[in-house]
Amino acid sequence: MVSGIHTTSGGTIDRESLAVELVDEQGRATGSCPVGPAHTAPGRLHRAFSVLLFDARGRVLLQQRAAAKTRFPLRWSNACCGHPAPGQAVAEAASARLHEELRVRATLREVGVYRYRATDSMTGRVEDEWDHVLVGRYPHELPPDPDPAEVAALRWGAPDQLADELAAAPADFTPWLAGVLRTARSAD
């Protein structure tokens with residue numbers, strides 16, 4: 001991906017031009033706009049999702065975002081994130097994105113919503129998201145073939161140890177990761 005452009009076997013996709021669903025403060029759909037303007041200051045509240053994958057030991061799969069990401073590049077985050085198209089089922093969009101980025105499949109279950117707003121000081125882009133948190137199991141070692149245009153690195157992290165890392169070095173992680181983890185853990 002370069003500046004939001006991603007090449008797949010089906011052709012080139014400019015992710016910044018894809019539509020996102022705008023929502024109000026209660027998460028109700030209010031319209032749509034392209035990804036790029038939704039993330040341009042001052043930002044527009046829109047629907048998103050964050051996927052957390054856990055192994056049999058309870059560790060969470062972490063993805064270091066690729067350098068070409070338009071928001072929070074090279075920061076550690078959850079397994080994958082994205083935006084459903086307007087009217088698209090969140091779990092369907094999350095499953096598709098998980099397969100695109102990590103090339104894995106998992107049964108996903110929504111466990112809550114994390115509402116957040118954050119500005120990326122490196123790129124000036126804004127996240128203003130009604131973030132649906134989905135969890136799933138991945139009983140294998142690290143995914144062997146993630147998309148390098150999306151993923152710089154992968155690792156497993158124990159949730160308690162990860163909480164300590166987030167507190168010690170928050171700039172190494174995406175600003176939504178701590179809230180997404182809390183949302184998932186409070187659902188158990």
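Residues numbered from 1 in each chain as written. Predicted model: local features only at pLDDT ≥ 70, side-chain atom pairs only at ≥ 80, totals over all residues. Heavy atoms only, no water.

1. With respect to the packing of aromatic side chains
Enumeration according to the criterion identifies three aromatic pairs in this entry. Relative to W176, the ring of Y116 has its centre 5.8 Å away and its plane inclined at 35°; by these criteria the two rings are tilted. Here W176 lies in the loop between helix 3 (159-168) and helix 4 (177-187) and Y116 lies in strand 9 (residues 109-119), a separation of 60 residues in the sequence. No difference in accessibility class separates Y116 from W176, as the two residues are buried. Linked through ring pairs, F72, Y114, Y116 and W176 together constitute an aromatic cluster. (Phe/Tyr/Trp six-rings, centres within 6.5 Å; stacked < 30°, edge-to-face > 60°. Helix = DSSP H or I, 4+ residues; strand = E, 2+ residues; numbered from the N terminus. Buried < 20%, exposed > 50% of the residue type's maximum accessible area, 1.4 Å probe, protein only.)

2. Focus on the packing of helix 3 against helix 4
Axis separation between helix 3 and helix 4 bottoms out at 11 Å; the angle between their running directions is 150°. The angle between helix 3 and helix 4 places the two elements in the roughly antiparallel class. In the packing of helix 3 onto helix 4, the handedness of the crossing is left-handed. Residue-level contacts link P159, D160, L162 and L166 of helix 3 to L177, A178, L181 and R185 of helix 4. Looking at the contact of helix 3 with helix 4, its residues break down into six nonpolar, no polar and two charged. (Axes fitted to C-alpha atoms, helices over the stretch in contact; angles between N-to-C directions. Parallel < 35°, antiparallel > 145°, perpendicular 65-115°, else oblique. Left-handed = near helix turned anticlockwise from the far one by under 90°. Contact = heavy atoms within 4.5 Å. Nonpolar A, V, L, I, M, F, W, Y, C, P; charged D, E, K, R; others polar.)

3. What to know about the nonpolar core
Of all hydrophobic cores here, the largest spans 21 residues; its most connected members are L52, V60, V133, L162, W176 and L181. Every element with two or more residues in this core is listed here: strand 5 (46-54), strand 6 (60-65), strand 9, strand 10 (126-137), helix 3 and helix 4. Beyond its immediate chain neighbours, meaning those up to four positions away, V133 contacts S50, L52, R109, E110, V111, G112, Y114, V180, T183 and A184. Counting 19 residues, the second largest nonpolar core, distinct from the first, contains V51, L53, A79 and C80. (Core = buried A, V, L, I, M, F, W, Y, C linked by side-chain atoms within 4.5 Å.)

4. Structural notes on the pattern of salt bridges
A complete count under the given rule lists 17 salt bridges for this structure. The residue E101 makes a salt bridge to K69 at a minimum N-O spacing of 3.7 Å. Remark: K69 occurs in the loop between strand 6 and strand 7 (76-77) and E101 occurs in helix 2 (residues 90-102); sequence separation between them is 32 residues. On the basis of relative accessible area, K69 is assigned to the buried category, the value being 8%. Here D128 and R117 are joined by a salt bridge, their closest N and O atoms 3.0 Å apart. Placement of D128 in strand 10 and of R117 in strand 9 is noted, with a sequence separation of eleven residues between them. Exposure remark for D128: the relative accessible area of 7% places this residue in the buried category. A residue is classified by how much of its surface remains accessible, and R117, at 46% relative accessible area, is partly exposed. Bridged by salt links that share partners, the residues K69, R97, E100, E101 and E150 form one connected network. (Salt bridge = Lys/Arg side-chain N within 4 Å of Asp/Glu carboxyl O.)

5. Things to note about the confidence of the model for the protein chain
Predicted coordinates in areas of low pLDDT are best not read in detail. In the predicted model, the protein chain carries a mean pLDDT of 91, and the fraction of residues at 70 or more is 93%. Contacts of residues 1-11 to residues separated by more than four positions or lying in other chains number 28 contacts, the stretch itself having pLDDT below 50. (pLDDT = per-residue confidence, 0-100.)

6. Focus: helix 3
Listed in full, the buried residues belonging to helix 3 are P159, L162 and L166. Across the axial projection of helix 3, the buried residues extend over an arc of 55°, all falling on one side. Away from its buried face by more than 90 degrees, helix 3 exposes D160, D164, A167 and A168. Summarising the contacts, the buried residues of helix 3 are in contact with strand 6, strand 11 (151-157) and helix 4. (Arc of directions from axis to C-beta.)

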